[in-house]
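Structural characterization, general
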Amino acid sequence: MKNTTHIAGFLALLGFAAYGNTAAAATCATTVQANDAMQFSTKTIAVPSSCKQFTVTLKHTGQLPVAVMGHNLVVTKATDMAGVGADGMKSGAAANYVKAGDARVIAASKLVGGGQSTVVNIPVAKLKAGESYEFFCSFPGHSSMMRGTVSLTK
Ligand code: CO
């Protein structure tokens, strides 16, 4: 334990870009919380371009059931968000409010209710430098509050 800490500190100190497997895995994942007040815990998700996949764990910390306060996490280009949201709403809860086969969707989790968690993987190769991306909840009426930016970082 102590050795691991020392090594991690040493690498961080030197600012190494190439980490060991354990450290690299840690930087290619994050957890976003969502609650009964229709809020995500963050407005930004930073995705290192060195990651092949970026894993987001969505944790609903509220208590309300999925039919009332369902949350998911959908990633699209900023310009596609409104269209994906509108089509997702028509697709209904059984489709997790995401249209099946929607090519504009870069990543989409299933819907979760209070106390539940889910995991979604963002394929990093689909994120292009200079393009604007957003994450949002496609549950009807949620995206005006439940949204943020996905940015590609070095
Ligand atoms: Co929601």
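Conventions and cut-offs
- Residues numbered from 1 in each chain as written.
- Predicted model: local features only at pLDDT ≥ 70, side-chain atom pairs only at ≥ 80, totals over all residues.
- Heavy atoms only, no water.
- Donors = N, O, S within 2.8 Å, 3.2 Å for Na, K, Ca; no water.
- Tetrahedral: all angles 85-135°; square planar, octahedral: opposite > 155°, others 65-115°.
- Helix = DSSP H or I, 4+ residues; strand = E, 2+ residues; numbered from the N terminus.
- Buried < 20%, exposed > 50% of the residue type's maximum accessible area, 1.4 Å probe, protein only.
- Disulfide = S-S within 2.5 Å.
- Pairing = 2+ DSSP bridges.
- Axes fitted to C-alpha atoms, helices over the stretch in contact; angles between N-to-C directions.

With that out of the way, let us pick up the coordination of the cobalt ion. Gly70 (O), His71 (ND1), Cys137 (SG) and His142 (ND1) make up the full set of protein donors to the cobalt ion, lying at 2.0 to 2.7 Å. Classification of the site at the cobalt ion rests on its 4 donor atoms, whose angles at the metal span 77 to 131°, yielding the label irregular. Each donor residue of the cobalt ion lies on one chain, and together they are spaced G-H-x65-C-x4-H. In this pair, Gly70 sits in the loop between helix H3 (66-69) and strand S4 (74-77) while His142 sits in the loop between strand S7 (133-136) and strand S8 (147-153), placing the two residues 72 residues apart along the sequence. Residues Gly70 and His142 agree in their burial class; the two are buried.

A few words on the state of the cysteines. One covalent bond between the sulfur atoms of two cysteine residues makes up a disulfide. Inspection of the entire model under this criterion finds 1 disulfide. The disulfide that involves Cys28 links it to Cys51, with 2.0 Å between the sulfurs. Between Cys28 and Cys51, the disulfide has an S-S torsion of -90° and is therefore left-handed. In this pair, Cys28 is assigned in the loop between helix H2 (21-27) and strand S1 (29-34) and Cys51 in the loop between strand S2 (44-48) and strand S3 (53-60), connecting sequence segments 23 residues apart. There is no split in this pair, since Cys28 and Cys51 are both buried.

The next thing to look at is the sheet that holds S8. Spatial strand order, S2-S8-S7-S4-S5: 5 strands in an open sheet with mixed pairing. Both outer strands of the open sheet, S2 and strand S5 (107-108), are each paired with one neighbouring strand and no more. In this sheet, S8 lies alongside S7 in antiparallel orientation, the contact comprising 4 bridges. Paired with Tyr133 across the two strands is Val150, which belongs to S8.

What follows deals with the sheet that holds S3. Ordered in space as S1-S3-S6, the 3 strands form an open sheet in which the pairing is mixed. Of all strands in the sheet, those bounded by a partner on one side alone are S1 and strand S6 (117-123). If you compare each strand with its neighbour and ignore which way they point, the axes differ by 25° on average. Pairing analysis gives 6 bridges linking S1 to S3, with the strands arranged parallel. Following the sheet pairing, Val32 is matched in S3 by Leu58.

Remember that the coordinates give geometry; whether it matters functionally is a separate question.
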